[in-house]
Amino acid sequence: MAQENFSIGVILDKGSLVGETGWTSISMAVDDFYVAHPNYSTRLVLHLKDSNEDIIGAASAALDLLKINQVVAIIGPQKSSQAKFIADLGNSTRVPILSFSALSSSLSPAFIPYFVRTALNDSSQAAPIAALVQRFQWREVVTVYEDSDFSTGALPHIVDALQDAGARVPYRCAIPPYANNDYVLKELYKLKAAQTRVFVVHTSSSLGKRLFPMLEEAGMMSEGYAWIITDGLTSLLDSMDASVLNSMQGVLGLKPYVEETKRLIDFKARWKKRIIRADADIVSPSVFAYWAYDTVWALALAVENFKIENPGLRNPKFALNASADLANLGSSPIGPKLRQSLLTTSFDGLSGKFNVVSGQLESSAFEIVNVLNNGKRSIGVWTPSKGILTSLNSNASVALKPVIWPGESTIVPKGWEIPVSGTKLMIGVPVKPGFPGFVDVERDPVTHQVKASGFCIEVFDMVMKALPYGVAYEYIPFEDAKGNSNGSYDDLVNQVYLKKFDAVVGDITIIANRSQHVEFTLPYTESGVSMLVPVKDDRRRSAWVFLDPLTPDLWIVSGAFFIFTGFVIWVLEHRINDEFRGEPSYQIGTVSYFVFSTLVFAHKEKMVSNLSKVVVIIWVFVVLILTSSYTASLTSMLTVQKLQPTVTNIDDLIKNKDYVGYLDDSFVPGLLERLKIPKDRLRNLSSPDDYYNALLKGSKNGGVAAVFDEVPYLKVFLSKYCDGHTMVGPTYKTDGFGFVFPIGSPLVPDVSRAILNVTEGNQMDAIMKKLYGSESCQDKSSTIASNSLTFDSFWGLFLITGVASFVALVVFVALFIHQNREFLMNTIRSERTLWEKIAHIFTHYDAKDLSSPAFKKTASADGLAEGGAAGIVDAHITNNSRTPSSISDHTYENFTPEEERSPYVGPAAWPEVDGPGIHTPPDAQ
């Protein structure tokens with residue numbers, strides 16, 4: 001069976017490590033494929049061209065392959081810089097370009113369809129690099145990269161992945177591929193002078209071999225440093241000299257994970273024999289050799305799927321002058337189908353599963369290695385789905401085998417160090433007289449040594465001691481030649497941005513405009529701006545102070561309920577109780593005396609009606625509560641000191657156009673202006689004594705009506721001038737005091753965590769007591785309230801007694817109507833006028849209810865004692881000169897002996913004046 005040959009071009013840098021190992025793998029792949037597939041009707045014929053590590057050489061080789069050899073596909077070129085032109089050439093001629101070593105993501109198969117990357121995109125290692133940085137909790141990373149096409153594609157992806165992992169990239173060190181040693185060392189010493197100690201190196205093997213010996217020379221491969229190399233270096237570690245490997249001890253590297261199968265072991269053995277015969281100084285094949293091998297197998301499988309008789313280019317018009325004939329190269333008739341076959345080819349290769357997705361090899365796992373003892377040791381793997389694992393079959397995430405770091409250290413580098421240029425951190429502190437206790441700076445007159453103390457200094461010292469590592473630092477006062485402050489607090493904060501100070505410690509408030517150029521730690525004090533005002537004793541001195549405990553509305557309501565309750569009692573008791581009968585003036589006096597005597601619980605009148613008893617019980621309870629409250633309030637007014645603020649809110653200050661004080665050199669004026677206080681109403685003050693004197697003078701005498709400042713300052717003031725002052729009004733939110741560091745400083749997260757630990761402990765309480773004093777100033781705002789009792793506090797009680805009285809009144813009226821329904825009906829039907837009817841009904845109500853048990857009991861008792869009460873009615877009838885009211889109001893003891901001897905006239909003997917059967921007593925007519 002005749003075999004059809006397909007010409008395949010190969011472009012490599014034969015003098016390079018990758019080129020030599022790649023060509024060996026490609027040659028072996030062709031032989032192995034057709035040994036494994038002897039019945040295939042197609043065969044690849046390789047045409048090797050050497051690019052001589054030159055872009056133009058690679059382009060010339062590609063043109064020769066297309067014109068002369070009429071290849072249907074090209075394997076190569078080796079470098080990304082070479083592949084750009086050749087990929088475009090393949091795109092125009094529809095000849096697939098397969099590269100196993102051009103890894104730059106700047107070459108995108110999405111834009112160059114005929115470029116097929118049979119290797120991993122170098123941006124695929126960005127995620128495992130970021131995972132390593134996150135695993136060791138490094139917060140700053142510097143990238144060291146080759147300033148060529150080798151790095152331009154991957155570097156942005158690596159930086160983005162690091163930032164997504166929470167690591168900042170403060171600096172990127174670019175080294176040209178052909179830079180001399182002096183230039184490289186100069187760049188390295190710049191890195192050493194900075195504080196970051198974690199580096200990611202992304203260079204070619206040629207530059208990497210030069211870089212690490214120079215790093216060792218610069219002292220940057222010692223304890224405290226961390227180095228991560230990308231697969232461009234890691235994959236070629238086995239082929240590096242021992243001297244280079246010695247300089248790389250402790251480095252972490254990433255390379256594509258390749259499973260050690262029997263087929264791979266057999267290939268390595270045969271490959272070593274073959275490479276030795278070529279006199280190449282190579283120990284073991286790299287992943288590039290595996291990818292080269294798999295590329296040939298993928299191409300051979302794709303070609304076999306299409307048995308095309310004529311593999312040449314359509315209408316080829318080649319000329320010796322390539323520059324004149326680029327437009328006439330034509331296109332491959334099998335290119336589109338061959339490309340499609342390549343993209344759908346899938347098999348198990350030496351490097352693992354060969355599967356092309358979106359024009360490039362599908363991303364797989366990465367192996368993490370640790371360089372040591374002239375070699376490397378696998379310490380873990382990374383997969384896109386599970387992250388970092390000890391091994392591919394492990395389920396323990398974020399686990400690595402023990403790492404040996406540079407300097408043969410087993411301690412994980414913290415990622416930063418104090419720069420070599422200085423042995424201590426330079427901590428700026430403010431020089432500000434006025435408020436002592438926060439930061440106090442003293443200078444020894446003999447040694448001129450600076451000694452800083454105070455609340456902020458003690459907190460910072462305690463926080464630095466709480467760090468898991470030691471940090472050396474010294475305090476530098478922000479002062480001029482005369483020892484005075486060298487600027488405002490904003491100027492002091494700006495010194496960190498200008499790199500004059502490594503940090504600033506003091507009573508520095510965290511505000512938005514300051515955080516634009518520096519980074520603050522978490523606050524270590526309470527936050528907020530409040531108003532300080534004088535207070536005055538508001539005890540009453542008026543002769544009418546006894547009226548003040550109750551508000552006018554409560555006085556009016558109380559009086560109304562006294563009258564209403566008295567009226568209800570009179571209505572309920574008048575017909576059945578002699579104590580509530582008599583002349584009108586007498587009855588009014590009795591009712592008034594009875595009701596108001598309940599204030600002192602001195603009422604002696606006997607209640608007869610059960611309804612009255614209920615009403616009185618409830619009313620007495622209300623009076624008890626009311627009088628008790630009145631007594632307590634009046635006592636407080638006369639004896640307890642009442643401190644009232646002279647100003648209660650900011651609106652009073654604006655309305656009265658008062659002057660307002662603030663601490664000099666603070667952000668408070670901006671806040672006050674936003675609160676609508678005019679700028680010309682503001683006065684700057686410098687110390688607690690200034691606060692006291694200004695408040696004492698008052699706004700109209702050259703002082704201020706109120707002082708606005710942060711709560712910590714006001715507490716210090718109150719610890720000294722507690723009497724006569726208080727904080728009132730709302731507290732305006734601020735973020736409190738914080739320590740200042742440069743943006744991205746790795747100290748900030750650690751210091752912030754230490755602040756949390758310190759502020760939650762007992763030591764912080766001791767420092768606070770030292771600042772504010774052991775005895776806190778009593779908050780006088782608790783005594784600032786209304787002195788008078790209001791109706792709102794008692795309306796429930798009045799509601800209860802009102803409802804009870806009303807219900808009792810309604811029940812009485814209902815019973816009266818029911819008991820006297822015939823009389824009422826006859827009265828209504830009579831021909832009297834309306835007012836006569838009303839007067840007649842009232843006259844009937846005004847009469848004694850002789851059917852009442854109270855009167856029956858009295859009559860029975862008198863009859864037994866005096867021989868009967870028959871003369872009572874007769875006395876009433878015969879004494880025609882008396883008014884009905886006076887007649888009905890007689891009691892038995894008021895009758896004369898003659899009246900007592902008068903015969904009793906019962907209801908049957910009364911004249912029928914209101915109709916048949918209706919008898920009216922004479923005193924009711």
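What you are looking at is a predicted structure, and each value in this text was computed from that prediction instead of being measured.

This brings us to unusual backbone geometry. At the junction of Gly76 and Pro77, the peptide bond is cis and its omega measures out at -5° in the coordinates. The residue Pro77 is located in the loop between strand E3 (73-75) and helix H3 (80-93) in this model. The backbone of Asn52 sits at a positive phi, close to 55°, despite the residue not being glycine. Mapped onto the elements of the fold, Asn52 is located in the loop between strand E2 (42-50) and helix H2 (55-67). Positive phi, normally seen in glycine, also occurs at Arg94, with a value near 60°. Counting through the fold element by element, Arg94 comes out in the loop between H3 and strand E4 (97-99). With a relative accessible area of 27%, Arg94 lands in the partly exposed category.

Moving on, we get to helix H24 (residues 747-759). Counted at 1.5 Å a residue, the expected span for H24 with its 13 residues is 18 Å, and the 18 Å between its end C-alpha atoms agrees. Listed in full, the buried residues belonging to H24 are Leu747, Val748, Asp750, Val751, Ser752, Ala754, Ile755 and Val758.

Quick look at the environment of Ala29 now. Residue placement: Ala29 occurs in helix H1 (residues 17-36). Those residues within four positions of Ala29 in sequence are excluded, and the remaining contacts are Tyr293, Val296 and Trp297.

The buried fraction of strand E17 (residues 425-430) amounts to five of the six residues, a majority that puts the element mostly inside the structure. One ladder, built from six bridges, connects E17 with strand E20 (residues 473-478); its direction is parallel. Residue Val429 lies in a different strand from E20, and its bridge partner there is Pro477. Relative to strand E21 (residues 503-504), E17 runs parallel, the two being bridged by two bridges. Each residue of the ladder has a partner; that of Ile427, found in E21, is Ala503.

With that out of the way, let us pick up the pairing of strand E18 (residues 440-443). Looking at chain direction, E18 and strand E19 (residues 450-453) are connected through four bridges and run antiparallel. Bridged to Val441 within E19 is Ala452. Hairpin remark: E18 followed by E19, antiparallel, with six residues in the connecting loop; positive phi at His448, about 60°.

It is possible for side chains of opposite charge to pair when their charged atoms get near one another. Applying the stated criterion across every chain, the model contains 18 salt bridges. A salt bridge links Lys84 to Asp149, with the nearest nitrogen and oxygen atoms 3.8 Å apart. Highlighted residues: Lys84 in helix H3 and Asp149 in helix H5 (residues 149-152), separated in sequence by 65 residues. Across the pair Glu417 and Lys414 runs a salt bridge whose closest N-O atoms are separated by 3.2 Å. The partly exposed category is assigned to Glu417, whose relative accessible area is 28%. For Lys414, a relative accessible area of 28% corresponds to the partly exposed category. Overlapping salt bridges bring together Asp32, Asp266 and Arg270 as one network.

Following both chains from N to C, one finds helix H17 (residues 552-573) and helix H18 (residues 584-597) inclined at 120°, their axes separated by 9 Å at the closest point. Judged by the inter-axis angle, H17 sits oblique to H18. You can see that H17 and H18 cross each other, and the crossing is right-handed. Across the interface between the two elements, Phe562, Thr565, Gly566, Phe567, Ile569 and Trp570 from H17 touch Gln587, Val591, Phe594, Val595 and Phe596 from H18. Each residue belonging to the contact of H17 with H18 can be placed in one class, and the counts come to eight nonpolar, three polar and no charged.

This next bit is on the nonpolar core. Counting 85 residues, the largest nonpolar core has Leu44, Phe100, Leu132, Leu162, Trp291 and Leu299 as its most contacted members. For this core, the element with the most residues is helix H12 (residues 287-304), which contributes 15 residues. Non-local contacts of Leu162, meaning those with residues more than four positions away in its chain, are made with Ile129, Ala130, Val133, Val141, Thr143, Ala167 and Val169. In this structure, Val429, Val471, Phe739 and Met764 belong to the second largest nonpolar core, which totals 51 residues.

Before going further, it helps to examine the packing of aromatic side chains. Considering all chains together, one arrives at 40 aromatic pairs under this definition. Both rings, one in Trp555 and one in Tyr630, keep their centres 6.1 Å apart while their planes meet at 75°; by these two values the pair is edge-to-face. In this pair, Trp555 sits in helix H17 while Tyr630 sits in helix H19 (residues 610-639), placing the two residues 75 residues apart along the sequence. For Trp555, a relative accessible area of 35% puts it in the partly exposed group. Ring-pair connections join several aromatic residues into one group, and the members of that group are Phe438, Phe455, Phe460, Tyr473, Tyr475, Tyr524, Tyr713, Phe737 and Phe739. When the ring centre of Trp297 is taken as origin, the NZ or CZ atom of Arg263, which lies over that ring, is 4.9 Å away. The aromatic ring of Tyr659 is capped on one face by Arg683, whose charged end is 3.5 Å from the ring centroid.

On the surface, Trp795, Leu799, Val803, Phe806, Val807, Val810, Val811 and Leu815 cluster together into a nonpolar patch covering about 730 Å² of accessible area. Looking at the element boundaries, Val810 is found in helix H26 (residues 795-819).

It helps to recall that an α-helix has 3.6 residues per turn; residues three or four apart then point in one direction. Residues Pro688, Tyr691, Ala694 and Leu695 constitute the buried set of helix H22 (residues 688-697). Mapping the buried residues of H22 onto a view down its axis gives an arc of 130°, with all of them on the same face. Gly698 sits one or two positions beyond H22 and adopts a positive phi of about 90°.

If you walk across this open sheet you meet the eight strands as E7-E6-E8-E9-E10-E14-E15-E16, and the pairing is mixed. At either margin of the open sheet sits one strand with a lone partner, and together these are strand E7 (172-175) and strand E16 (387-389). Put simply, the sheet's adjacent strands are angled 25° from each other on average, direction ignored. Of the strands in this sheet, strand E8 (198-202), strand E9 (226-229), strand E10 (252-256), strand E14 (366-372), strand E15 (375-383) and E16 are in contact with helix H4 (residues 126-135), which crosses E10 at around 150°. In this fold helix H6 (residues 155-164) packs onto strand E6 (142-146), E7 and E8, with an angle of close to 170° to the strand it touches most, E6.

A separate point is the UniProt feature "transmembrane region" (unreviewed entry) in the protein chain. As annotated by UniProt and renumbered to match this structure, "transmembrane region" (unreviewed entry) occupies residues 554-572, 584-602, 614-632 and 794-817. Secondary structure over residues 554-572 splits into 100% helix and 0% strand, and the C-alpha atoms at its two ends are 27 Å apart. When the span residues 614-632 is considered, its composition is 100% helix and 0% strand, and the gap between its end C-alpha atoms is 28 Å.

Bringing the environment of Ile368 into the picture now. Here Ile368 lies in strand E14. Beyond its immediate chain neighbours, meaning those up to four positions away, Ile368 contacts Leu132, Gly253, Leu254, Arg377, Ser378, Ile379, Gly380, Val381, Ile388 and Leu400.

Mapped onto the elements, Asp502 comes out in the loop between helix H16 (489-497) and E21. Leave out the neighbours within four places in its chain, and Asp502 touches Lys424, Leu425, Met426, Val496, Phe741 and Pro742. Among the polar contacts made by the side chain of Asp502, one reaches the main-chain amide nitrogen of Met426 at a distance of 2.8 Å.

For the rest of this paragraph, the subject is the side chain of Thr590. Tracing the backbone shows Thr590 in helix H18. On the basis of relative accessible area, Thr590 is assigned to the buried category, the value being 9%. Among the polar contacts listed, one links the side chain of Thr590 to the backbone oxygen of Tyr586, at a separation of 2.8 Å.

Quick notes on the rules
- Residues numbered from 1 in each chain as written.
- Predicted model: local features only at pLDDT ≥ 70, side-chain atom pairs only at ≥ 80, totals over all residues.
- Heavy atoms only, no water.
- Helix = DSSP H or I, 4+ residues; strand = E, 2+ residues; numbered from the N terminus.
- Buried < 20%, exposed > 50% of the residue type's maximum accessible area, 1.4 Å probe, protein only.
- Expected span 1.5 Å × (residues − 1).
- Contact = heavy atoms within 4.5 Å.
- Pairing = 2+ DSSP bridges.
- Salt bridge = Lys/Arg side-chain N within 4 Å of Asp/Glu carboxyl O.
- Axes fitted to C-alpha atoms, helices over the stretch in contact; angles between N-to-C directions.
- Parallel < 35°, antiparallel > 145°, perpendicular 65-115°, else oblique.
- Left-handed = near helix turned anticlockwise from the far one by under 90°.
- Nonpolar A, V, L, I, M, F, W, Y, C, P; charged D, E, K, R; others polar.
- Core = buried A, V, L, I, M, F, W, Y, C linked by side-chain atoms within 4.5 Å.
- Phe/Tyr/Trp six-rings, centres within 6.5 Å; stacked < 30°, edge-to-face > 60°.
- Lys NZ or Arg CZ within 6 Å of the ring centre and 35° of its normal.
- Patch = residues over 30% accessible without salt bridge, like charges linked within 9 Å, V, L, I, M, F, W, Y side chains within 5 Å.
- Areas by Shrake-Rupley, 256 points an atom, 1.4 Å probe, with all protein chains shown as cover.
- Arc of directions from axis to C-beta.
- UniProt positions renumbered as here; feature names shortened; annotations may be inferred.
- Polar contact = N/O pair within 3.5 Å; in protein donor to acceptor, adjacent residues only side chain to side chain.

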